[in-house]
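What follows is each chain in one-letter form.
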Amino acid sequence: MEQEPFRIIDLGCKGMNLKEIVDFYYMSFDKGSLPYICCEACGNKFYYPRSLCPKCHSKQLRLCTSTGKGVIFSYTRINRKEGQLIYAIIEMNEGFRMYSNVEGKNVDIGNEVQVYFSEARGRNYPFFRLLG
Amino acid sequence: MISGFSSCVYKSYPGSTFELMEEAVSKALEMANLSYNDVDGLLATYLPGTFDEKVHLHFFTNQVRQYLGIKARFIDTIDFGGASALAMVYRAYKAVKAGEADTVLCIIGGKASGIRSKGLTVDSLDRYTNDVSLTPFDDFYRIYGDMNPVSDYALVAMRHAKLYGTSDESRAELAVKQRYNAKNNPYALYKNDLSVKDVLSSPLISEPLHLLEIVYPVDGFHCFVVSKRNSPLYKLDILGYGEAHWQAMPPELQDIVQTPAVESSREMAYDLSKVDAFELYDSFTITVMLQIEDIGLVEKGKVAKFVEDKDISYKGEVPINTGGGSLNCGQPAYMSGGIILHEALLQLNSMAQGHQVDGAKKIFLNGIGGWNRSHSVSLILGVRE
Ligand SMILES: [Zn+2]
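Worth saying up front: this structure is predicted, and the values here are computed from it rather than measured.

## Digging into the overall build of chain B
Consideration 1: Within chain B, the secondary structure is distributed over 12 helices and 12 strands.
Consideration 2: The C-alpha atoms of chain B give 19 Å as radius of gyration, which agrees with the globular expectation for 385 residues (21 Å, within 12%).
Consideration 3: Seen through its C-alpha atoms, chain B measures out along the principal axes to roughly 55 × 50 × 40 Å.
Consideration 4: For chain B, buried positions account for 64% of its 385 residues.
Consideration 5: Of the contacts formed within chain B by residues at least 6 apart in sequence, a portion of 75% connects residues at least 24 apart.
Consideration 6: In the structure as shown, chain B presents an accessible area of about 14000 Å², 48% of it carried by carbon and sulfur atoms.

## Remarks on the nonpolar core
Consideration 1: Y99 of chain A together with L381 of chain B are the most contacted members of the largest nonpolar core, which has 140 residues in total.
Consideration 2: Ranked by residue count, the leading element in this core is helix α3 (residues 84-97) of chain B, at 9 residues.
Consideration 3: Taken together, domain 1 (7-65) and domain 2 (69-130) of chain A each give at least three residues to this core, which thus spans both.
Consideration 4: Leave out the neighbours within four places in its chain, and L381 of chain B touches M1, I2, D237, I238, L239, L341, L345, L348, K361, K362, I363 and L365 of chain B.
Consideration 5: Formed by 26 residues, the second largest nonpolar core is a distinct cluster that contains V39, A44, V64 and I70 of chain B.

## Examining the sheet that holds strand β2 (residues 45-46) of chain A
Residues and elements named next belong to chain A.
Consideration 1: Taken in spatial order, the 3 strands of this open sheet run β2-β1-β3, and their pairing is antiparallel. Two strands lie at the open edges of the sheet, namely β2 and β3 (61-65), each paired on one side alone.
Consideration 2: Sheet topology note: the strand β1 (residues 35-39)/β2 ladder contains 2 bridges and is antiparallel. Its bridge partner being in β2, C38 is matched across the sheet by K45.
Consideration 3: Sheet strands in contact with helix α1 (residues 18-31) are β1, β2 and β3, and its direction is about 140 degrees off that of β1.

## What to know about the pattern of salt bridges
Residues and elements named next belong to chain B.
Consideration 1: Scanning the model with the defined rule gives 26 salt bridges over all chains in all.
Consideration 2: Salt-bridge contacts for K305 lead to D309; the nearest nitrogen and oxygen are separated by 2.7 Å. Remark: D309 and K305 occur in helix α10 (residues 303-309); sequence separation between them is 4 residues, near one turn of the helix.
Consideration 3: On the basis of relative accessibility, which here comes to 42%, the residue D309 falls in the partly exposed class.
Consideration 4: Bridged by salt links that share partners, the residues D40, R73, D102 and K228 form one connected network.

## What to know about the coordination of the zinc ion
Residues and elements named next belong to chain A.
Consideration 1: Looking at the zinc ion, one finds its protein donor set to be C39 (SG), C42 (SG), C53 (SG) and C56 (SG), positioned 2.3 to 2.4 Å from the metal centre.
Consideration 2: Between the 4 donor atoms coordinating the zinc ion, the angles at the centre fall across 102 to 114 degrees, so the site counts as tetrahedral.
Consideration 3: A residue is classified by how much of its surface remains accessible, and C56, at 33% relative accessible area, is partly exposed.

## Overview of the interface of chain A and chain B
Consideration 1: Counting residues at the interface gives 33 residues for chain A, matched by 31 residues for chain B.
Consideration 2: Surface buried jointly by chain A and chain B totals about 3000 Å² across both partners, of which 59% is contributed by carbon and sulfur atoms.
Consideration 3: Of all residues in chain A, the largest losses of buried area upon contact with chain B belong to Y48, Y87 and Y99 of chain A, amounting jointly to 21% of the total for that side.
Consideration 4: Counting every contact that joins chain A to chain B gives 3 salt bridges.

## Some remarks on the confidence of the model for chain A
Consideration 1: With 89% of its residues at a pLDDT of at least 70, chain A reaches an overall mean of 90.
Consideration 2: Overall, residues 1-13 of chain A carries pLDDT values under 50, and its contacts beyond four positions in sequence, including any with other chains, amount to 28 contacts.

## Description of the packing of aromatic side chains
Consideration 1: Summed over the entire model, instances satisfying the criterion amount to 30 aromatic pairs over all chains.
Consideration 2: Consider the rings of Y26 of chain A and F29 of chain A, whose centres lie 5.8 Å apart with planes at 90 degrees: the pair is edge-to-face. On the criterion of helical spacing, the pair formed by Y26 of chain A and F29 of chain A is a turn pair, its members being 3 residues apart in helix α1. Like F29 of chain A, Y26 of chain A is buried.
Consideration 3: In textbook terms, an aromatic cluster arises when at least three aromatic residues are bridged by ring pairs, as seen for Y25, Y26, F29, Y36, Y47, Y48, F96, F117 and Y125 of chain A together with F137 and F140 of chain B.
Consideration 4: Looking at R159 of chain B, its charged tip hangs above the ring of F73 of chain A, at a distance of 3.7 Å from the centre.
Consideration 5: In this arrangement the basic side chain of R373 of chain B is found over the ring face of Y153 of chain B, its NZ or CZ atom lying 5.0 Å from the centre.

## Some details on helix α9 (residues 285-294) of chain B
Residue and element names in this part refer to chain B.
Consideration 1: Across the 10 residues that make up α9, a large majority, 10, are buried.
Consideration 2: Buried within α9 are the following residues: T285, I286, T287, V288, M289, L290, Q291, I292, E293 and D294.
Consideration 3: Following α9 by one or two positions, G296 adopts a phi angle in the positive range, close to 100 degrees.

## Brief notes about the packing of helix α1 (residues 17-31) of chain B against helix α2 (residues 60-68) of chain B
Residue and element names in this part refer to chain B.
Consideration 1: Packing of α1 against α2 leaves a shortest axis separation of 10 Å and a crossing angle of 70 degrees. With respect to α2, the element α1 is oriented roughly perpendicular. Facing α1, whose interface residues are F18, E19, M21, E22 and V25, α2 presents Q63, V64, Y67 and L68.

## Description of the side chain of N321 of chain B
Residue and element names in this part refer to chain B.
Consideration 1: Along the chain, N321 turns up in the loop between α10 and α11 (325-329).
Consideration 2: Judged by relative accessible area, which is 0%, N321 ranks as buried.
Consideration 3: Residues in contact with N321, not counting those within four places in the same chain, are Q178, N181, F278, E279, L280, D282 and V288.

Each value, and the rule that gives it
The numbers attached to residues start from 1 for each chain and follow its sequence in the written order. Here every chain gets a letter starting at A, and every ligand a number starting at 1, in the order they are written. The predicted nature of this model means local features are confined to residues of pLDDT at least 70 and side-chain atom pairs, given and counted, to a pLDDT of 80 or more, with totals for whole chains, interfaces and linings taken over all residues. Excluded from the side-chain calculation are hydrogens and water; included are all heavy atoms of the structure. Strands are runs of DSSP state E lasting at least two residues, helices are runs of H or I lasting at least four, and both sets are numbered from the N terminus onward. As a reference, a globule follows 2.2 Å times the number of residues to the power 0.38, and the radius of gyration itself is taken over C-alpha atoms. Residue burial is assigned from relative accessible area. The probe radius is 1.4 Å, only protein chains are included, and a residue is buried under 20% of its type maximum, exposed over 50%, and partly exposed in between. Here a residue-residue contact requires only that any non-hydrogen atoms of the pair lie within 4.5 Å. Each accessible area value is a Shrake-Rupley result obtained with a 1.4 Å probe; residue values ignore everything except the protein chains displayed when judging cover. Definition used in this section: a nonpolar core is a set of buried Ala, Val, Leu, Ile, Met, Phe, Trp, Tyr and Cys residues joined via side-chain atoms within 4.5 Å. Start and end positions for the domains come from either an automated domain assignment or a database one. Two strands make a pair as long as DSSP finds a minimum of two bridges between them. Where helices are involved, their axes are fitted lines through C-alpha atoms of the stretch in contact, as for all axes, and angles between N-to-C directions lie from 0 to 180°. Put simply, a salt bridge is a Lys or Arg side-chain nitrogen that is within 4 Å of an Asp or Glu carboxyl oxygen. Each metal's donors are the N, O and S atoms within 2.8 Å of it, or within 3.2 Å when it is Na, K or Ca, and because water is not part of the set, sites may look incomplete. Square planar and octahedral sites, with four and six donors, are those where opposite donors lie more than 155 degrees apart and all other angles lie between 65 and 115, tetrahedral sites have four donors with every angle between 85 and 135 degrees, and the rest are irregular. When two parts are brought into contact, each loses some accessible area as probed by a 1.4 Å sphere; the total of that loss over both is the buried area. A score from 0 to 100, pLDDT tells how confident the predictor is in each residue. Any two of the Phe, Tyr and Trp rings considered here, Trp counted by its six-membered ring, make a pair once their centres fall within 6.5 Å; the pair's planes then place it as stacked at under 30 degrees, edge-to-face at over 60, or tilted in between. Should the NZ of a Lys or the CZ of an Arg lie within 6 Å of a ring centre and within 35 degrees of the ring normal, that charge is described as sitting over the ring. Angular relationships are summarised with four words: roughly parallel below 35 degrees, roughly antiparallel beyond 145, roughly perpendicular across 65 to 115, and oblique for the angles in between.

Shown next as structure tokens:
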């Protein structure tokens, strides 16, 4: 079940500015929760922060918090000199998708994953590990 | 319509990018029997880092004209990466038809060797300098260590394999079949024998894509002269044209196994059985396979069987990438649109030495651009009957 939104902003006709959204994202990461945006007008759910809905262009947006659970939509094991990493698209249970890394040896499309947060470039960001 | 064309491609060109560009332009004008003074239009494109490693060229078309000495009354830039060359020729054609210019140079290329030597691609320059961004959302995904564009196409190949059972062997088979076409192409850089085993035993760069499924970035330019003047070449017509530009981040697409070629080719509504050969953008093996499905040669998910069954050689029933494509000719400045357009023009003018498709009168080209496959341009060129 979808959790209660972390914060509801009454946008009026002014909408929410991008900085407010991005601040909410980083604040969520620091608190250990995964944010996303839900369009109040068309129901579109998206992760990459914008001040309008890229589908219906409404500015009636709601900032939400994901349960942090999803499945691997696709993945690739990248071989670099510095080592191997798994780069993936995760489909969250709420329906939005995002790029991330997955920790684990035997991963496959459809595997269930859970978000965790870790530092990269001096900030907290969401990463995933296999569930169970 | 297309009065002259040229290809100047090197693994590493020692001189300046402007000099290499000049070589291509002079060669194309010479073929067209035209001089620099006849030129009154310019269409050009560049990707960051590919002009003498400069991230940005302020007033780019001015710089091109300052070097070449071109006065113009029609100028534009196109920013579709691999799909630019096809769109440039279409726009030049329209401009000439509308009387906005008499002779338009379409210039595409640059140098990849500088970026390549740093272990970067044009899509990872942001790891080298803060002066480049890829999307408005870089802070939220560039931390994950991707190897774009390779890793994004790898995600597509992996999902295509999961949904439709497309095997590593069938992608390798495509690379092998393209190599066959390259063997007799004087413009190909790679001509040695290639087997499925060779492809699959080459290093796994970003699973499931192997090194020999990935284009090699090189230095080079293509120039296409679109003019109303008579030329020694056959008169060509644009028989079909379509563009589609998708705006979503790949994770936001309904699925990632489609490209905008679905829409750009549908716009033309052209009977594919009347086409003599196909030149399909080949940044990776999977790119060609996606387009074979998306332009309607076979339905989605069935491309593996298509590649297995069909003879796609220049002598075959469905000739595809008749010169071996950019997988074998190299990818100048991280965009191969010039490679496929050049090959189509060789074919249509009966100039494809050693790999001529018999009676090639109509060719379907498809260009794909952007690390995230956001641009597709479909074009059918035909010899005027
Ligand atoms: Zn909406």
